[in-house]
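# Report on the structure
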Amino acid sequence: MKIIHCADLHLDSKMTSNLSKEQAKERKMEILRTYSRMVEYAKNNDIKAIIIAGDLFDTRNVSATARNLVKDSITSNPDIDFYYLKGNHDSDNFISKLDEIPQNLKLFSDQWTTYSYGNITITGLEINKSNEDTMYNSLVLDNDKYNVVTLHGQIGDIILNSLKNKGIDYLALGHVHEYQNGQLDNRGMYCYSGCLEGRGFDECGPKGFVVLDIDDEKLTAGFSFVPFAYRNLYTLYVDVTGAMTTQEAAVKMEEALAKSQYSSRSLVKFVLVGEVDVDCEINTDFLKDMFEEYFYYEKVYDETRLLINYSEYEKDASLKAEFIRMVLSSDFTEEQKSEVIRCGISALSGEEI
């Protein structure tokens, strides 16, 4: 039996934190399409069940488009069971708008609920304040079966030690937006599938879902992460040590990009690092314009450190030297001193700050 484990789809997310209004609208639709593509993947790959381990939607007020898309994906695929466990972003809005609950839509509550396929069980619980202290003792599983358990929450709030030796074979978790897995005990493992699509630069790297392939006779399973996002987000750190101009920094960015081989559909955040001379001129706005045609979206941050030879300014009578000495003798932190000097040198050179 093959099962898809996914979570944190956040359908209907506004997507406005980085993108233009037009791009945000486009990304919102792309996330819906990625969900549809996942269901099509399930249909074409003999998947029997899809576990959605929380945060199917992003807000309480689900749009008619997202609501109907999910409903139609369930009703038009009666051979696939959809296990929907609500997360902290979900509400009853979607369920309450359904005329009736489709037979292949399986729901959970604040009490442990178990569904069975012969020797395979899928058990889940929606955590709240009334059950978070008693949920561990109330979980009872048949040790002679292959037991999948699904929960939504952060490790720490979900106490893994309290789930050990409970007969869990695969703990399907949601809430963490990055693919992670580890050993739960001698018998079972835990896994965060991560989100289907990254929405911001705190969600970089491959995104997708997990396929669990269970042998219902041997009660063993294999699992694999399936990268599935239409667009990926990356943070690319570029060492521009020694660069004195914007163009020299651009050359180093080009070199870093040549090694990365990111798709043109990607969203990329360049972070410039390293040590640069106090007279270095790096214009991040200009660099952003230079590289904007490379990717769907990009931004450039300057996190370089100023390399200041203090002896050069000890006796220099120039206005710049006086300014640098004044800042260096201040009570600012080293990071603040570097930024103040950077802004001051730009102002003295006639550059916009």
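See the structure shown above.
To keep things clear, this report deals only with the structure shown in the data block. Remember, predicted model here, so these are calculated numbers, not experimental data. Within any chain, residue numbers begin from 1 and follow the written order of that chain's sequence. Local features in this predicted model are restricted to residues of pLDDT 70 or higher, and side-chain atom pairs are both shown and tallied only at a pLDDT of 80 or more, whereas totals for entire chains, interfaces and linings draw on every residue. Working from all heavy atoms in the structure, the side-chain values ignore hydrogens and water.

Looking now at empty space enclosed by the protein. Gaps between atoms show up when a probe of the same size as a water molecule is rolled over them. Space inside and on the surface of the protein is sampled on a 1 Å grid over the protein atoms alone, with a cavity defined as a set of points where a 1.4 Å probe fits but cannot get out and a pocket as an open set with protein on both sides within 12 Å along at least 5 of 7 lines; lining residues have an atom within 4 Å of a point. Grid points are joined across faces, edges and corners, and a volume is the space filled by probe spheres set on the points. Evaluated as defined, the whole model comprises 1 cavity of 30 Å³ or more. Approximately 60 Å³ is the volume attributed to the largest cavity. What lines the largest cavity is M15, S17, N18, L19, R27, G198, R199, F201, L233 and L267. Amino acids outside the nonpolar list (Ala, Val, Leu, Ile, Met, Phe, Trp, Tyr, Cys, Pro) and the charged list (Asp, Glu, Lys, Arg) are all regarded as polar, and Gly is one of them. Residue classes in the lining of the largest cavity are distributed as 5 nonpolar, 3 polar and 2 charged.

In DSSP terms, a helix is any run of H or I states spanning at least four residues, a strand is any run of E spanning at least two, and both are numbered starting from the N terminus. Along the chain, D185 falls in the loop between β9 (180-183) and β10 (189-192). Buried D185, no salt bridge; nearest opposite-charge side chain is R187, N-O distance 6.6 Å. Each polar contact in these results corresponds to two N or O atoms within 3.5 Å; when the atoms are within protein, one needs to be able to donate a hydrogen and the other to accept it, and residues that are neighboring in sequence are counted only if both atoms are side-chain atoms. At 2.8 Å, the side chain of D185 forms a polar contact with the backbone nitrogen of R187. A polar contact of 2.7 Å, which involves the side chain of D185, links it to the backbone nitrogen of G188. Contact definition: two residues touch when any of their heavy atoms are within 4.5 Å. Not counting residues within four places of it along the chain, the set of residues in contact with D185 comprises L163, K164, N165, K166 and I168. Any residue under 20% of the maximum accessible area for its type is buried, any over 50% is exposed, and the rest in between are partly exposed; the area is computed with a 1.4 Å probe on protein chains only. When charges are tallied, Lys and Arg are placed among the positive residues and Asp and Glu among the negative ones, while His and the ends of the chain are skipped. The working definition used for a salt bridge is a side-chain nitrogen of Lys or Arg within 4 Å of a carboxyl oxygen of Asp or Glu.

Before going further, it helps to examine the sheet that holds strand β11 (residues 208-215). What the 6 strands build is an open sheet, ordered β4-β3-β2-β1-β11-β12; its pairing is mixed. A single partner strand is all that each edge strand has here, and the edge strands are β4 (105-107) and β12 (220-227). The sheet shows a mean angle of 20° between the axes of neighbouring strands, taken without regard to direction. A pair of strands counts as paired when DSSP detects no fewer than two bridges linking them. With 4 bridges joining them, strand β2 (residues 47-52) and strand β3 (residues 81-84) adopt parallel strand pairing. Residue pairing across strands places I51 opposite Y83, the latter belonging to β3. Throughout, an axis means a line fitted to C-alpha atoms (over the contacting stretch in the case of helices), and angles, computed between N-to-C directions, take values from 0 to 180 degrees.

Moving on to helix α2 (residues 64-75). Taking 1.5 Å as the rise per residue, α2 with 12 residues should run 16 Å; its terminal C-alpha atoms sit 16 Å apart, in good agreement. For α2, every residue scored as buried is listed here: A66, R67, V70, S73 and I74. The buried residues of α2 occupy one face: seen down the axis, they fall within an arc of 135°. Elements in contact with the buried residues of α2: α1 (21-44), β3, α3 (93-96) and β4. Expected helix span is taken as 1.5 Å per residue step, with the number of steps being one fewer than the number of residues. This arc corresponds to the set of directions leading from the helix axis out to the C-beta atoms.

As a volume, the second largest pocket reaches approximately 260 Å³. Split by residue class, the lining of the second largest pocket holds 4 nonpolar, 6 polar and 4 charged.

So, about a negative patch on the surface. Side chains of D285, D289, E292 and E293 sit close together on the surface and give a patch of like negative charge. Relative to the helices and strands, D289 resides in helix α5 (residues 284-291). Note on D289: relative accessible area 48%, which makes it partly exposed. Two joining distances apply to patches: 9 Å for like charges and 5 Å for nonpolar side chains (Val, Leu, Ile, Met, Phe, Trp, Tyr), and every residue must have over 30% relative accessible area and no salt bridge. Only the protein chains shown count as covering a residue, and every accessible area follows the Shrake-Rupley method with a 1.4 Å probe. Lys charges are placed at NZ, Arg charges at CZ, Asp charges at CG and Glu charges at CD.

Below, the discussion takes up the packing of aromatic side chains. The geometry of an aromatic ring pair is captured by two quantities: the separation of the ring centres and the angle between the planes. Two rings from Phe, Tyr or Trp (for Trp, the six-membered ring) form a pair when their centres sit within 6.5 Å of each other. Planes less than 30 degrees apart are called stacked, planes more than 60 degrees apart edge-to-face, and all others tilted. Summed over all chains, the structure comprises 16 aromatic pairs. Look at Y41 and F228: their rings are 5.9 Å apart centre to centre, the planes differ by 75°, and that puts the pair in the edge-to-face class. Here Y41, found in helix α1, pairs with F228, found in the loop between β12 and β13 (233-239); they are 187 residues apart in sequence, far enough to count as distant. Note on F228: relative accessible area 13%, which makes it buried. Centroid distance Y234 to Y262: 4.0 Å. Interplanar angle 5°. Geometry classified as stacked. Linking Y234 in strand β13 with Y262 in the loop between α4 (246-260) and β14 (267-273), this pair joins segments that are 28 residues apart in sequence. For Y262, a relative accessible area of 21% gives the class partly exposed. The positively charged end of R231 is found above the aromatic ring belonging to Y296, 3.6 Å away from the centroid. Should the NZ of a Lys or the CZ of an Arg lie within 6 Å of a ring centre and within 35 degrees of the ring normal, that charge is described as sitting over the ring.

Time to look at the side chain of S13. By the element assignment, S13 lies in the loop between β1 (2-6) and α1. We classify S13 as buried; its relative accessible area is 7%. Side chain to side chain, S13 and R199 meet in a polar contact 3.0 Å long. Excluding residues that lie within four positions of it along the chain, S13 makes contacts with K28, D58 and R199.

For the rest of this paragraph, the subject is the pairing of β3. Going residue by residue along β3, you find D81 and Y83 tucked away on one face and F82 and Y84 tucked away on the opposite face as well. The handedness of a crossover follows from its direction of travel: if, with the strands pointing away from the viewer, the path from the first strand over the helix to the second runs clockwise, the crossover is right-handed. You can see the chain leave β2, run along α2 and come back into β3, and the turn it takes is right-handed. Alignment of β3 against β4, held across 3 bridges, turns out to be parallel. Within β4, the position partnered with Y84 by the bridge is L107.

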